[in-house]
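Report on the structure
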Amino acid sequence: MPQNGKEVSRQVSTLWINAECVPKPPASKTSDIIISDVEKAEQRLARFAPLLATLFPELAQSGGIVESPLCALPPVVIGAGSSLPGSFWVKADHQLAVAGSVKARGGFHEVLEFAEQVARDNGLLVGEHGYQTLGSPAAREVFSHYEVAVGSTGNLGMSIGIMSAALGFRATVHMSAEAKDWKKRKLRSHGVTVHEYEGDYGQAVAKGRELAKANPMCHFVDDEHSVSLFSGYAVAALRLGAQFAAQGIAVDEEHPLFVYIPCGVGGAPGGVCYGLKHVFGAAVHCFFVEPEDSACFLVQMQNPDKPGISIYDAGQHNRTIADGLAVPRASELVYPLMRERLSGVVVTSDECMHADVWRMQALAGFKVEPSAAAAVSGPRALLQSEAGRRYIAEQGLQARMLRANHIVWTTGGALMPGDEYEALLLEGERASGRLFGALADTGGN
Ligand SMILES: *Cc1c(COP(=O)(O)O)cnc(C)c1O
């Protein structure tokens, strides 16, 4: 087994660079999304914050704002220890309150936007007033006549289901085969109706969309097309700008920022990337990370002439431990926005995600699920592969890498039950040994 980190990384993940990415994408006026949608989403989340603080005791301290900290990441987790240039951070969405994943921002936003509309239609809101009363029995009675439905591999259903039920909506989640039993149990304990499907995510969404159409009182959260969901996800980027400023971290062309985010349909990572490009322009370089057997965004990026292409067309099977990323097709809303904004896609293996679940815990104390652990492959691929070195050289970044900041975006995990997590850690320790050698070896190369 090779002990040298550089050799190892070539086997565990690969990096594809997007030749069409431009440093400063023009603000599109014709696309489905414009930046004012994101600003409106941020304002909407702020308007609802006092209500959320009363609905969820765990949000009392933050005044109802659901946000995650930016934490230092010991570079040893990535593998080559002290030899890596730059500073490493975790954007700790695995700790996001209530939903336990990146789906909190987008999912909560879409439910709240729907609630706002229903409340206005029923005279519960007048102008900017009345948000606090939306938790009252009278408002809940109104909401109980409406339904919110969604298709999910697990986490989106948790976010949509929990928020919908908390407001008094009827909530229905259509779960694909990957969805974990504990997520279904948790949702049912909140009074959410859970339908289970043998098929993949695309099929669960299609079924949910069809059933929702039959009920005029039902709002279907369409992960493959929703502007509301996307705008909510993108709010993270506006807030990250403020977080950097507060922590005294510089991001500009002399201090490049690299961001690595796990990708399913592309909604959550696409929203973050879209927002970050707006805030930081040429200073930020965004990379998605996907499982090798569910790399739908990469497949679409590599086949621009084949809209709607699936992973099956590319010979993949959608078999992965990353349940949050196990989807066959990229979002048609998000893909066009990423053509000029996304720097590249990293593809990684189940074995590597297992290893990184364990490494994040053993070496840094972060409790992340496999989908979130995928992000750790990002900096590894950029800093230790031939393609990554070429990207850095072509972008003229070599001299700035010591001042660079890298964000590993950990998208979920805090709510995982203990037994499930223990089993992942056991397997992960073995996987880490196979891929990266004994821990004592990971510090040097
Ligand atoms: C959903 C999810 C993602 C990816 O989000 P998409 O919008 O599907 O691309 C990443 N990580 C976790 C943990 C998720 O649940």
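Residues numbered from 1 in each chain as written. Predicted model: local features only at pLDDT ≥ 70, side-chain atom pairs only at ≥ 80, totals over all residues. Heavy atoms only, no water.

Focus on the packing of aromatic side chains
What counts, and what does not: Ring geometry is summarised as follows: Phe, Tyr and Trp rings, the Trp one being its six-membered ring, pair when their centres sit within 6.5 Å, and such pairs are stacked at plane angles under 30 degrees, edge-to-face over 60 and tilted between the two. Where helices and strands are cited, they refer to DSSP runs of H or I of at least four residues and of E of at least two residues respectively, numbered from the N terminus. Categorising residues by exposure relies on relative accessible area from a 1.4 Å probe, with only protein chains included: less than 20% of the type maximum marks a residue as buried, more than 50% marks it as exposed, and the intermediate range marks it as partly exposed. Look at NZ for Lys and CZ for Arg. If either is within 6 Å of the ring centre and within 35 degrees of the ring normal, a charge sits over the ring.
Here the structure, examined in full by the defined rule, presents 10 aromatic pairs. Arranged with centres 5.8 Å apart and planes meeting at 65°, the rings of Phe-244 and Phe-280 form a pair that is edge-to-face. Here the residue Phe-244 occupies a position in helix H8 (residues 227–247), and Phe-280 occupies one in helix H9 (residues 267–280), the gap between them amounting to 36 residues. Judged by relative accessible area, Phe-244 falls into the buried class, the value being 2%. Seen in terms of ring centroids, Phe-287 and Tyr-391 are 5.6 Å apart; in terms of plane orientation they differ by 75°. Their pairing is edge-to-face. With Phe-287 in strand S9 (residues 284–291) and Tyr-391 in helix H15 (residues 386–394), this residue pair connects regions lying 104 residues apart in the sequence. As far as the burial class goes, Phe-287 and Tyr-391 line up, both buried. An aromatic cluster of at least three residues, connected via ring pairs, comprises Phe-114, Phe-143, Tyr-146 and Phe-169. Here Arg-359 stacks its cationic end above the ring of Phe-436, 4.5 Å away from the centre of that ring. Geometry around Tyr-421 places Lys-367 over its ring, the cationic atom sitting 5.4 Å from the centre.

So, the nonpolar core
Selection rule: For the purposes of this section, nonpolar cores are sets of buried Ala, Val, Leu, Ile, Met, Phe, Trp, Tyr and Cys residues that join through side-chain atoms within 4.5 Å. In this analysis, two residues are considered to be in contact whenever any of their non-hydrogen atoms come within 4.5 Å of each other.
By size, the foremost hydrophobic cluster in this structure holds 144 residues, and its most contacted members are Phe-169, Leu-276, Phe-297 and Trp-409. It is H8 that contributes the most residues to this core, 10 residues altogether. Look past the residues within four positions of Leu-276 in its chain and what remains in contact with it is Ala-237, Leu-240, Val-259, Gly-281, Val-284, Cys-286 and Trp-409.

With respect to the sheet that holds strand S3 (residues 87–91)
Condition: Each pair of strands is called paired provided DSSP finds at least two bridges between the two strands. As a rule, the C-alpha atoms of each element are fitted with a line to give its axis, helices using only the stretch in contact, and angles between N-to-C directions run from 0 to 180 degrees.
Across the sheet, 7 strands lie side by side as S1-S10-S9-S8-S11-S3-S2; this open sheet has mixed pairing. Each edge of the open sheet carries a strand with a single partner, namely strand S1 (13–17) and strand S2 (70–72). Averaged over neighbouring strand pairs, the angle between their axes works out to 25° when direction is ignored. Of the pairings in the sheet, the one linking S2 to S3 comprises 3 bridges and is antiparallel in character. Looking across to S3, one finds that Leu-70 is bridged to Lys-91.

What to know about the site of the ligand
Put simply, the rule reads: Nearness of a residue to a molecule or strand requires only that one of the residue's heavy atoms be within 4 Å of it. Here a polar contact is taken to be a pair of N or O atoms separated by no more than 3.5 Å, where protein atoms must pair a possible hydrogen donor with a possible acceptor and residues adjacent in sequence count only if both atoms sit in side chains. Calculation of accessible area relied on Shrake-Rupley with a 1.4 Å probe; when residues are assessed, cover is drawn exclusively from the protein chains displayed. A 1.4 Å probe that fits into a set of points on a 1 Å grid over the protein atoms alone but cannot get out defines a cavity; an open set with protein on both sides within 12 Å along at least five of seven lines defines a pocket, and lining residues are those with an atom within 4 Å of a point. Think of it this way: a molecule belongs to a cavity or pocket when more than half its atoms come within 2 Å of the grid points there. For this classification, Asp, Glu, Lys and Arg are treated as charged, while Ala, Val, Leu, Ile, Met, Phe, Trp, Tyr, Cys and Pro are nonpolar and the rest, including Gly, are polar.
Around the ligand, the structure places 16 residues, and the nearest of them are Lys-103, Asn-155, Gly-264, Gly-266 and Thr-411. Contact distances for the ligand include 2.7 Å between an oxygen atom and a backbone N or O atom of Gly-264. In this structure, an oxygen atom belonging to the ligand sits 3.1 Å away from a main-chain N or O atom of Val-265. Here the ligand, which alone exposes 380 Å², has 98% of that area covered by the protein. With respect to the detected pockets, the ligand is housed in the largest cavity. Here the shell around the ligand takes 3 residues from H9, the largest share from any one element. Split by residue class, the shell around the ligand holds 6 nonpolar, 8 polar and 2 charged.

Section: unusual backbone geometry
With a phi close to 70°, Val-98 is a non-glycine residue in the positive phi region. According to the relative accessible area criterion, Val-98 is buried, its value standing at 10%. The backbone of Asn-318 shows a phi angle near 70°, a positive value even though the residue is not glycine. Here Asn-318 is to be found in the loop between helix H10 (296–302) and helix H11 (335–338). Taking relative accessible area as the criterion, Asn-318 reaches 7% and is therefore assigned buried.

Focus on the pattern of salt bridges
Side chains that carry opposite charge are capable of pairing whenever their charged atoms lie near each other. For clarity, the cut-off: The working definition used for a salt bridge is a side-chain nitrogen of Lys or Arg within 4 Å of a carboxyl oxygen of Asp or Glu.
Considering all chains together, one arrives at 23 salt bridges under this definition. With its nearest N and O atoms 2.8 Å apart, the salt bridge here joins Arg-403 to Glu-254. Taken together, the residues span a long stretch of sequence, with Arg-403 in the loop between H15 and strand S11 (405–409) and Glu-254 in the loop between H8 and strand S8 (257–262) at a distance of 149 residues. As a salt-bridge pair, Arg-389 and Glu-386 come within 3.5 Å of each other at their nearest N and O atoms. Note that Arg-389 and Glu-386 are positioned in helix H15 at a spacing of 3 residues, about one turn of the helix. Residue Glu-386 is classed as partly exposed on the basis of its relative accessible area, which comes to 45%. The network of salt bridges with common partners includes Glu-67, Lys-91, Asp-93, Arg-105 and Arg-239.

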